[in-house]
Amino acid sequence: MTKMNLIHRPRRNRKIEWARNLVRENEVSVNDLIWPIFLIEGTGIRQPVPSMPGVERYTVDEAVKAVAEAASLGIPAIALFPNTDPSARDSEGSEAQNPDNLVCRPCRAIKAAVPNIGLITDVALDPYTSHGHDGVMDGHEIVNDRTVALLVQQALNQARAGADVIAPSDMMDGRIGAIRAGLDEEGFESVQIMAYSAKYASAFYGPFRDAIGTNATLIGDKRTYQMDPGNTDEALREVGHDIDEGADMVMVKPGMPYLDIVRRVKDTFAMPTYAYQVSGEYAMIMAAANNGWIDGEKAMMESLLAFKRAGANGVLTYFAVRVAKKLRGVS
Ligand code: PBG
């Protein structure tokens, strides 16, 4: 066999574990994880979500226990999503303004029991509206400015309940500035805003809508406010507006199909940048793993590493607890 005369043999740096560890450019750590959880009414219940194997909806008391475990693993923050009782949903999403709703109650309970974990609350009306849209409707139109006024009230309701980070996922125009002003006016100037800035009208949200009951309610689709999946410059404009209006952190959503957007946002703005590995991404990995078609644990870790490589500072992921346990070496 003839010996090749090569100057570069990139395989040298891959020849053994320690060398691979030494040259690795990106890593996943527990500090990268934000854990989204689903809430239901009642006590003592953990209810599986069929389209998200391994994910459960928690009653408030069970959520407190689950979040305490997440905190003990070092997960920095959680995000709360309510499955509102159908009887509490109406055309204006009034339940969003109830100080005892299924976000405010867990906020207070978790703050009291697990004070050191970050509490992120979602601002959007869809869990509370009878039509499943993130805003209020006038005929078929999702009305922007009247919705924003309600979102400000919703954000204040959450901040009063102890939310640390307000995360608007509604994609209305001008909501970041309005929410920032509302928070500041009421003395919540240290409450952060994580803006779902580049949120696409995506098919990958299906299992989430099962989890919070909006597949049953949603009329039509969200393409007049969520972004067109074909666009990338537009994502930069959206992120730019949110930063100008006062966002502390920005987000791209979904995650893995939109890693090009994560990279462009990070390179352009150098802001704390997050990606949401959404329900459909989680469901795909779990479905393939449960069929024996892929190694689920390896695919989970590789998918999260991909976010880091694309420039994300953190990832909202339903795998958070599993990943944290793996990284900590606990089962
Ligand atoms: C709605 C909202 C959605 C998600 C988070 N907030 C879905 C939607 O826009 O219908 C999706 C998260 C996921 O799929 O995991 N405000």
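Our structure is the block above this text.
Residues numbered from 1 in each chain as written. Predicted model: local features only at pLDDT ≥ 70, side-chain atom pairs only at ≥ 80, totals over all residues. Heavy atoms only, no water.

Undergrad: Looking at this structure, I do not really get a nonpolar patch on the surface. What am I missing?
TA: On the surface, a cluster of nonpolar side chains totalling about 430 Å² of accessible area is made up of I16, W18, L22 and V23. Checked against the element boundaries, L22 lands in helix α1 (residues 17–23). (Patch = residues over 30% accessible without salt bridge, like charges linked within 9 Å, V, L, I, M, F, W, Y side chains within 5 Å. Areas by Shrake-Rupley, 256 points an atom, 1.4 Å probe, with all protein chains shown as cover. Salt bridge = Lys/Arg side-chain N within 4 Å of Asp/Glu carboxyl O. Helix = DSSP H or I, 4+ residues; strand = E, 2+ residues; numbered from the N terminus.)

Undergrad: When you look at the environment of I34 in this model, what are you seeing that I'm missing?
TA: Along the polypeptide, I34 turns up in strand β1 (residues 33–39). Beyond its immediate stretch of four places on either side in the chain, I34 contacts A77, I78, A79, I120, M194, Y274, V315, L316, T317 and A320. (Contact = heavy atoms within 4.5 Å.)

Undergrad: I keep staring at the site of the ligand and nothing clicks. Help me out?
TA: Residues in contact with the ligand amount to 18 residues; listed here are only the nearest, R209, K222, K253, S279 and Y318. Measuring from a nitrogen atom of the ligand, one finds a side-chain N or O atom of D126 at 2.9 Å. A distance of 2.7 Å is found between an oxygen atom of the ligand and a side-chain nitrogen or oxygen belonging to R209. Alone, the ligand offers 400 Å² of accessible surface; in the complex the protein occludes 100% of this. Of the residues belonging to the shell around the ligand, the class tally is eight nonpolar, three polar and seven charged. (Near = heavy atom within 4 Å. Polar contact = N/O pair within 3.5 Å; in protein donor to acceptor, adjacent residues only side chain to side chain. Nonpolar A, V, L, I, M, F, W, Y, C, P; charged D, E, K, R; others polar.)

Undergrad: Explain the packing of aromatic side chains here, please?
TA: Two aromatic rings, taken as a pair, are described by how far apart their centres are and by the angle between their planes. In the structure shown here, the tally under the stated rule is eleven aromatic pairs. For the pair Y196 and Y276, a centre-to-centre distance of 6.2 Å together with 45° between the ring planes defines the contact as tilted. Of this pair, Y196 sits in strand β9 (residues 192–199) while Y276 sits in strand β11 (residues 273–277); the two residues are 80 residues apart in sequence, bridging distant segments of the chain. Here Y276 falls in the buried class, since its relative accessible area comes to 1%. Members of the aromatic cluster, connected to one another through ring pairs, are F38, F81, Y196, F208, Y276, Y282, Y318 and F319. Note that K253 overlies the ring of F208, its terminal NZ or CZ placed 5.9 Å from the centroid. (Phe/Tyr/Trp six-rings, centres within 6.5 Å; stacked < 30°, edge-to-face > 60°. Buried < 20%, exposed > 50% of the residue type's maximum accessible area, 1.4 Å probe, protein only. Lys NZ or Arg CZ within 6 Å of the ring centre and 35° of its normal.)

Purely geometric stuff here, so don't read any function into it on its own.
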